[in-house]
Amino acid sequence: MVLFQRCLTRTFSLGQRKLSGSPQQEKVANMQAWASIRPHYQSCWVGARSYGTEGAGGLSERTLIAVKPDGVQRRLVGQIIQRFEKRGFKLVGLKMLKAPEELLSQHYHDLSKKPFYPSLLRYMGSGPLVVMVWEGYNVVSTSRKMVGDTNPAEAPPGSIRGDFSIHISRNVVHASDSLDGAQREIQLWFNCKELTDWDCHDQSSTFHL
Ligand code: TYD
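Residues numbered from 1 in each chain as written. Predicted model: local features only at pLDDT ≥ 70, side-chain atom pairs only at ≥ 80, totals over all residues. Heavy atoms only, no water.

**Student:** Where do I start with the site of the ligand in this structure?
**Tutor:** Near the ligand the following residues occur: Lys-68, Tyr-108, Leu-111, Phe-116, Leu-120, Arg-144, Thr-150, Arg-161, Ile-168 and Asn-171. Separating an oxygen atom of the ligand from a side-chain N or O atom of Lys-68 is a distance of 2.9 Å. Within the side chain of Asn-171, a nitrogen or oxygen atom sits 2.8 Å from an oxygen atom of the ligand. Here the ligand loses 75% of its free accessible area of 510 Å² to cover by the protein chains. Put simply, the ligand lies in the largest pocket. Here the residues of the shell around the ligand sort into five nonpolar, two polar and three charged. (Near = heavy atom within 4 Å. Polar contact = N/O pair within 3.5 Å; in protein donor to acceptor, adjacent residues only side chain to side chain. Areas by Shrake-Rupley, 256 points an atom, 1.4 Å probe, with all protein chains shown as cover. 1 Å grid on protein atoms, 1.4 Å probe; cavity = no way out; pocket = protein on both sides within 12 Å on 5 of 7 lines; lining within 4 Å. Sits in = over half its atoms within 2 Å of the grid points. Nonpolar A, V, L, I, M, F, W, Y, C, P; charged D, E, K, R; others polar.)

As structure tokens, then:
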């Protein structure tokens, strides 16, 4: 029950960042925000290894990676998945969906005041996305490096954006930028039942502690 309350508190705090006003107005707005994203957001705190980020670089650290609509249209999904598999990370969740605007606005709530925000939301909602959760040692930070700079013009060759894209408005892939961000985004896009705990048989070949 305590864990479930933590989940609710976290959900409502997402709404609070977006909205201001009297405490009563905030409460109503937060209830509306909760109702609208509820199908996407269930109690992922329940379960032994749901997020398992036992400190930075934990073995069961998880991150959210999404192939954006341009990546799906250009049939890059397989190549992007292959990079994470080859690197040694473990896929624990994957789905394809056309994201509703409410979900996208929650995902990008930090950018809502930016001039590019409306076109970003239009583009992200323009076609299907492939959203994934990857697990492994230091996966948040390593996957940001694998993805490359936000602006593909500055992303080094060898990174996903550096190899597959040329302009910031169509940069193929999303990766969570911090442990907190990863946790928030995984909870937003997946419910617990959609994530699978499993053991890699080659685990001892990818790290030793
Ligand atoms: P941001 O979260 O800053 O970058 P990242 O995806 O690398 O974490 O921005 C989110 C997305 O917004 C970014 O991937 C592409 C888009 N964007 C623009 O279209 N124009 C811009 O000037 C910026 C900064 C981002």
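**Student:** It is not clear to me how the packing of aromatic side chains should be interpreted in this structure. Could you clarify?
**Tutor:** Both the distance between ring centres and the angle between the ring planes are used here to describe each pair of aromatic rings. This model, assessed by the stated rule, comprises one aromatic pair. We note Lys-90 situated over the ring of Trp-198; from NZ or CZ to the ring centre the distance is 5.5 Å. The ring of Tyr-123 has Arg-170 lying over it, and the distance from NZ or CZ to the ring centre is 4.4 Å. (Phe/Tyr/Trp six-rings, centres within 6.5 Å; stacked < 30°, edge-to-face > 60°. Lys NZ or Arg CZ within 6 Å of the ring centre and 35° of its normal.)

**Student:** Where do I start with the side chain of Ser-165 in this structure?
**Tutor:** By the secondary structure assignment, Ser-165 is in the loop between α8 (160–164) and β4 (173–175). On the accessibility criterion, Ser-165 (10% relative accessible area) is buried. In this structure the side chain of Ser-165 is engaged in a polar contact, spanning 2.8 Å, whose partner is the backbone oxygen of Arg-161. Excluding residues within four positions of it along the chain, Ser-165 makes contact with Pro-152, Ile-160, Arg-170, Asn-171 and Val-172. (Helix = DSSP H or I, 4+ residues; strand = E, 2+ residues; numbered from the N terminus. Buried < 20%, exposed > 50% of the residue type's maximum accessible area, 1.4 Å probe, protein only. Contact = heavy atoms within 4.5 Å.)

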